[in-house]
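In case you want the letters, here they are:
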Amino acid sequence: MSLSIPFPQISISALTLCLLATARRASAAYNFAAQPLQAGVVNSFEIVGNSYANKVYIVDKTENNPEHINGHPAWAAEWSVSTKQTRTMDVITNSFCAGGTVLGNGTWLNVGGNQAVTYGGVAAKNQNGGPPYDDPDGRQSIRLLDPCDDGDCNWVLAEPMTTLRWYPTLETLEDGSAIIIGGCQWGGYVNDASQDNPTYEFYPSRGAPIISPILQNTLPANLYPLTWLLPSGNLFLQSNWKTILLDYKNNQETPLDDVPDAVRVYPASGGSAMLTMTAANNYTATIMFCGGSNITSAQWTENWDIPNYPASSSCVQISPDLSPKYEEIDPLPEGRTMGNLILLPDGRVFCLNGARTGTAGYGNTTYTIGQSYADQPILSPIIYDPSAPAGQRWSRDGLNSSTIPRSVFVSGSNPNSDVNTTAPYPTEYRIELFYPSYYNEHRPEPQGLPNRLTYGGPFFNISLTTDDLFGNVNNIEAAKVIVMRTGFSTHTMNMGMRAVQLENSYVGNQDGSGVLQVSQLPPNPAIMPPGPALLFVVVNGIPSIGVQVMVGSGSIEPQSISSNQALPQSTILQPPQAEPKTSSGTSVVLETFAGQWPRMAGLAAAVLLLF
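Rules used throughout
- Residues numbered from 1 in each chain as written.
- Predicted model: local features only at pLDDT ≥ 70, side-chain atom pairs only at ≥ 80, totals over all residues.
- Heavy atoms only, no water.
- Helix = DSSP H or I, 4+ residues; strand = E, 2+ residues; numbered from the N terminus.
- Buried < 20%, exposed > 50% of the residue type's maximum accessible area, 1.4 Å probe, protein only.
- Disulfide = S-S within 2.5 Å.
- Pairing = 2+ DSSP bridges.
- Axes fitted to C-alpha atoms, helices over the stretch in contact; angles between N-to-C directions.

(A) Expanded view of unusual backbone geometry. The omega torsion of the bond from P131 to P132 falls at 0 degrees, within 30 degrees of zero and hence cis. Note that the residue after L219, namely P220, is joined by a cis bond; omega there is 0 degrees. Looking at the element boundaries, P220 is found in the loop between α1 (213–216) and β17 (226–229). One non-glycine residue with positive phi stands out, namely D134, at about 50 degrees. Position of D134 relative to the elements: it lies in the loop between β10 (108–111) and β11 (142–145). For D134, a relative accessible area of 33% gives the class partly exposed.

(B) Main features of the state of the cysteines. Scanning the entire structure with this criterion turns up two disulfides. Through a disulfide, C148 is tied to C153; the S-S separation comes to 2.1 Å. Looking down the S-S bond of the C148 and C153 bridge, the torsion is -65 degrees, so its handedness is left-handed. Accessibility assignment for this pair places C148 and C153 in one class, buried. Here the bonded cysteines of the protein chain are numbered in sequence order, and their pairing is 1-2, 3-4. Cysteine C351 shares no disulfide, and the gap to the nearest cysteine sulfur, in C290, comes to 6.8 Å.

(C) Spatial organisation of the sheet that holds strand β20 (residues 252–255). Reading across from one edge, β17-β18-β19-β20 is the order of the four strands in this open sheet, with antiparallel pairing throughout. Looking at which strands have only one partner, the edges of the open sheet turn out to be β17 and β20. Taking the axes of each pair of neighbouring strands and ignoring which way they run, one obtains an average angle of 25 degrees across the sheet. Examined bridge by bridge, strand β19 (residues 242–247) and β20 share four bridges and lie antiparallel to one another. Looking at β20, one finds that I244 is bridged to P255.

So this is what it looks like as structure tokens:
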């Protein structure tokens, strides 16, 4: 089980991983380097260290890890991208197979997990902690983290949930609160009726959990149901073969078509992502699913040769606010289970990790590969371009393979019940960085980026130099401004990952520089829920270093909305015409611009966001 997520310069993947933001949320303008801190071999992976920690925050499973804290193995960490130094953290309870998201105030939320265990993942006699791992039962836990720059922040426990949840899904809502969906009571390869928790609840709490019919009716493959908040304010929810719209305000479920070809939820574990929402597509949410397994509900047992069962190559997409129907799109070039789909700032989707056969999960049967239910790892990444013609959207051109079977900052993978460094697919602590093709290119260094975005309101101006426009002022015509949330990554999912392109117009100046006039977010918090995000400016296909912004008010509360100010007309000012030799001397400017000129709001900067 491994995962990936993008942040300003790289992306990350791990058994369960949180990329969190640094502590300077929505303060004054930042002053960081506007180019990558190091060079890399583009389209390639580089092993850079071991995955105990980051300004990436990693939350792992309880096991016999080599790093210790407070007298027991550590299963959480902070890792600094710039220094490659690790700080172990005490997450207190067993967080294996938890869910997570970021709240509207910038606090990261990690929910549920496993019971207390001892060696080999066996349930401990004392569920309150004690040797050897001192890992109290985490199934009702709510863990909170306010990220920091100074290494002094830690996970803290909030008031626990009233029910047990292993494998829950979380999604941030329009007011910055979170919904917590599904799970089971004590785990296993798949769920069953004796331990099912077919309910949802909220953080902060809104009262007792609420029964969900789709979760009741999609056993045994209903863990980590795939969930997105839609612009309509409804939730899209996919579990086993079934799909619904959930009106969570009125507790109503509306059936949509069954997902075609394959199960996409854990442990079939197809990749999934909501494509970038733009003004051109009317901020429509379109969700794509790739890979997984066509195992039927009756086949979800452990008494057959799961590791040799071919994974699906099918890819489908759905726009659930517009239609209940899925549509087939370009398939993967090979079947893939556990393939991560990662949004890139340029609108493409990066796919990596996974295996050709089997499923996620581990066990002890005569069929497992060691303990792994998957085999034939896929080491080659691939990129999907939704704007390319049908039949030509997947490409491996120029992409190099990883050397580690999991795998654009990548860490994790352990299909074993405890630490096992000699298994066919061993416990993996190494970290890789994948450097996209644009990594070593000169990055745009936009000036005037805000540190907060609102839901409607006045537009803002971003200045670009002639170098930012790569010596061609006409490149401003296709420049994009992208708001991205990377999400909480686990089990081939990125809970909360989404991207929105802000509407803009432009002025190309006579000296080759330019100004983007950029609208605030649409006046609908369901398009991009409140909380920390990254802001990118993409010119000629090359993104700037992402700068952290706070979306919305910075609080968990109903968000203020207003109409967006109308944008000025786009124009490119022509340079003065050369004077004819017979003229008396004055140059003539062929076009002038009467719109607004840039407001400088500070220097663009790179800030590490989280998951």
